[in-house]
Amino acid sequence: GSSRARVNAARAELSEVELRARAAATPLPPRLKLSARRFDLIAEVKFRSPAAGQLREGNEESVRARVAGYADAGAAAVSVLTEPSRFDGSLKHLEFAVQALAGRIPALRKDFLVDPYQICEARLAGAGGVLVIMRMLSDAEVTALLDCAVEQRLFVLLESFDAADIERAGQVVRQYARSTELLVGLNSRDLQTLQVVPGRLEQMARSLPDDVPRVAESGVATAADAGRIAVAGYDVALVG
């Protein structure tokens, strides 16, 4: 609902045809480079969480300093929340992050994306990738988002919560893996309680497609956690 309302409001200000033209005219974002032999991190910028409440004050200086620190520390990418009502995010935060990263590593737009328009917004802001949440989208919506991501040359993190999501993500991998960079992630939060479910990352690891990078989302807080899920078969952790 709120995501579609944002799209409709944005489209009233700037047509999709004009947005696509502007996005296509921007420089290509940096490619996602994952290391072949070690575990990678995607570090996250967010200012509020439905599970934890207010985390910190969100402003340009804070975004720039944090993403520069993440890049210095060796993150493979930075995830930026752009959802305003639950996470206090904005596309401006994404733009600030991209400017601070200065082409070193890509930024990922993390939001409840429901329309190709939002993929083009991400590219115009300088993002190198987008999050696509399997649970909230029909097959037709997923196809529309992926087609646009291919067109805009963005990598895609497909987020799953359970076996049904993973199966659908696997179908997307089979269809699109040759067209754009795909990652499949498992979010270990329970959608009702928003609490991390202990052991879910390990339990579901073998269900994830083995021909694309596997991303552990939520439940990774320490180096020991990262070591544990690397052993379970994950290649990347998204850490906020």
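Below is a summary of the structure that appears in this document. In every chain, residue numbers begin from 1 and rise along the written sequence. In view of the model being predicted, local features appear only for residues whose pLDDT reaches at least 70, and side-chain atom pairs are presented and counted only at 80 or more, with totals across whole chains, interfaces and linings using the full set of residues. Each side-chain value is derived from all of the structure's non-hydrogen atoms; neither hydrogens nor water enter the calculation.

1. Considering the pattern of salt bridges
Then, in step 1: Should a side-chain nitrogen of Lys or Arg be within 4 Å of a carboxyl oxygen of Asp or Glu, the pair is scored as a salt bridge. Counted under the stated rule, the structure contains 19 salt bridges.
Then, in step 2: Here Arg 6 ties to Asp 111 by a salt bridge, and the two come within 2.8 Å at their closest N and O atoms. In this pair, Arg 6 is assigned in helix 1 (residues 2-13) and Asp 111 in the loop between strand 5 (107-110) and helix 6 (116-125), connecting sequence segments 105 residues apart.
Then, in step 3: Summary of the burial criterion: residues with accessible area below 20% of their type's maximum are buried, those above 50% are exposed, and those between are partly exposed, where the area comes from a 1.4 Å probe applied to protein chains only. Given a relative accessible area of 2%, Asp 111 falls into the buried group.
Then, in step 4: For Arg 109, the salt bridge identified is with Glu 121, shortest N-O distance 3.0 Å. Here Arg 109, found in strand 5, pairs with Glu 121, found in helix 6; they are twelve residues apart in sequence, far enough to count as distant.
Then, in step 5: Through salt bridges with shared partners, one network takes in Arg 11, Glu 16, Arg 20, Asp 115 and Glu 151. In this description a helix means any DSSP run of H or I spanning at least four residues, a strand means any run of E spanning at least two, and both kinds are numbered starting from the N terminus.

2. Some points on the sheet that holds strand 5
Then, in step 1: By the convention used here, strands pair only if DSSP detects at least 2 bridges between them. With parallel pairing, eight strands are arranged side by side around a closed barrel as 1-4-5-6-7-8-9-10. On average, each strand axis in the sheet is inclined to that of its neighbour by 25°, with strand direction left out of account.
Then, in step 2: Pairing geometry for strand 4 (residues 77-81) and strand 5, over four bridges, is parallel. Looking at the pairing, Leu 81 lines up with Lys 110 of strand 5.
Then, in step 3: Two residues form a contact once any of their heavy atoms are found within 4.5 Å. To define axes, lines are fitted to C-alpha atoms, for helices over the stretch in contact only, and angles between the resulting N-to-C directions are given on a 0 to 180 degree scale. Each of strand 6 (129-133), strand 7 (155-160) and strand 8 (182-187) is contacted by helix 7 (residues 139-151), which is oriented at about 155° to strand 7, the strand it contacts most.

3. Quick word on the packing of helix 2 (residues 16-25) against helix 6
Then, in step 1: Viewed as axis vectors pointing N to C, helix 2 and helix 6 meet at an angle of 35°, and their least axial separation amounts to 8 Å. Here helix 2 runs over helix 6; the crossing is left-handed. Residues Glu 16, Leu 19, Arg 20, Arg 22, Ala 23 and Ala 24 of helix 2 pack against Pro 116, Tyr 117, Cys 120, Glu 121, Arg 123 and Leu 124 of helix 6.
Then, in step 2: In this classification, the charged set is Asp, Glu, Lys and Arg, the nonpolar set is Ala, Val, Leu, Ile, Met, Phe, Trp, Tyr, Cys and Pro, and all remaining amino acids, among them Gly, are polar. Looking at side-chain class alone, the contact of helix 2 with helix 6 contains seven nonpolar, no polar and five charged residues. Crossing handedness is defined as follows: a turn of the near helix away from the far one that is anticlockwise and smaller than a right angle gives a left-handed crossing, while the clockwise case is right-handed.

4. Some thoughts on the packing of helix 3 (residues 60-72) against helix 5 (residues 91-101)
Then, in step 1: As a packed pair, helix 3 and helix 5 sit with axes 8 Å apart at the nearest point and diverge in direction by 45°. Considering their axes alone, helix 3 and helix 5 lie oblique with respect to each other. Seen from above, helix 3 lies across helix 5 with right-handed handedness. Residue-level contacts link Glu 60, Val 63, Arg 64, Val 67 and Ala 71 of helix 3 to His 93, Phe 96, Ala 97, Gln 99, Ala 100 and Leu 101 of helix 5.
Then, in step 2: Of the residues assigned to the contact of helix 3 with helix 5, the class counts are seven nonpolar, two polar and two charged. Should an angle fall under 35 degrees it is called roughly parallel, over 145 degrees roughly antiparallel, and 65 to 115 degrees roughly perpendicular, with every other angle called oblique.

5. A short note on the packing of aromatic side chains
Then, in step 1: Centres within 6.5 Å are what make two rings of Phe, Tyr or Trp a pair, Trp counting through its six-membered ring; a difference in plane orientation under 30 degrees is then read as stacked, over 60 as edge-to-face, and the rest as tilted. Under the defined criterion, the tally for this structure stands at one aromatic pair.
Then, in step 2: For the pair Phe 87 and Phe 112, a centre-to-centre distance of 6.3 Å together with 50° between the ring planes defines the contact as tilted. One end of the pair, Phe 87, is in helix 4 (residues 84-87); the other, Phe 112, is in the loop between strand 5 and helix 6, and 25 residues separate them in sequence.

6. Quick look at the pairing of strand 8
Then, in step 1: Of all six residues in strand 8, six are buried; the element is thus mostly enclosed.
Then, in step 2: Of the two faces of strand 8, both are covered, the one formed by Leu 182, Val 184 and Leu 186 as well as the one formed by Leu 183, Gly 185 and Asn 187.
Then, in step 3: Pairing geometry for strand 7 and strand 8, over five bridges, is parallel. Within strand 8, the residue paired with Leu 157 across the bridge is Leu 183.
Then, in step 4: Here a crossover is taken to be right-handed if, once the strands point away from the viewer, the path from the first strand over the helix to the second is traced clockwise. After leaving strand 7, the chain enters helix 8 (residues 163-176) and then returns to the sheet as strand 8, a path that is right-handed.
Then, in step 5: Sheet analysis places strand 8 next to strand 9 (residues 214-217), joined by four bridges and oriented parallel. Opposite Val 184, over in strand 9, you have Arg 214 as the bridge partner.

7. Structural notes on the environment of Ala 232
Then, in step 1: In this fold, Ala 232 is placed in helix 10 (residues 223-232).
Then, in step 2: Residue class for Ala 232 comes out partly exposed when judged on its relative accessible area of 23%.
Then, in step 3: Residues Ala 232 and Met 204 lie 28 residues apart in sequence; the distance between their C-alpha atoms is 9.4 Å.

8. Re the side chain of Glu 159
Then, in step 1: Looking at the element boundaries, Glu 159 is found in strand 7.
Then, in step 2: Charge counting treats Lys and Arg as positive and Asp and Glu as negative, with His and both chain ends excluded. In this structure Glu 159 is buried but unpaired, with Lys 110 as the nearest side chain of opposite charge at 4.8 Å.
Then, in step 3: Look past the residues within four positions of Glu 159 in its chain and what remains in contact with it is Leu 131, Val 132, Ile 133, Met 134, Gly 185, Asn 187 and Glu 217.

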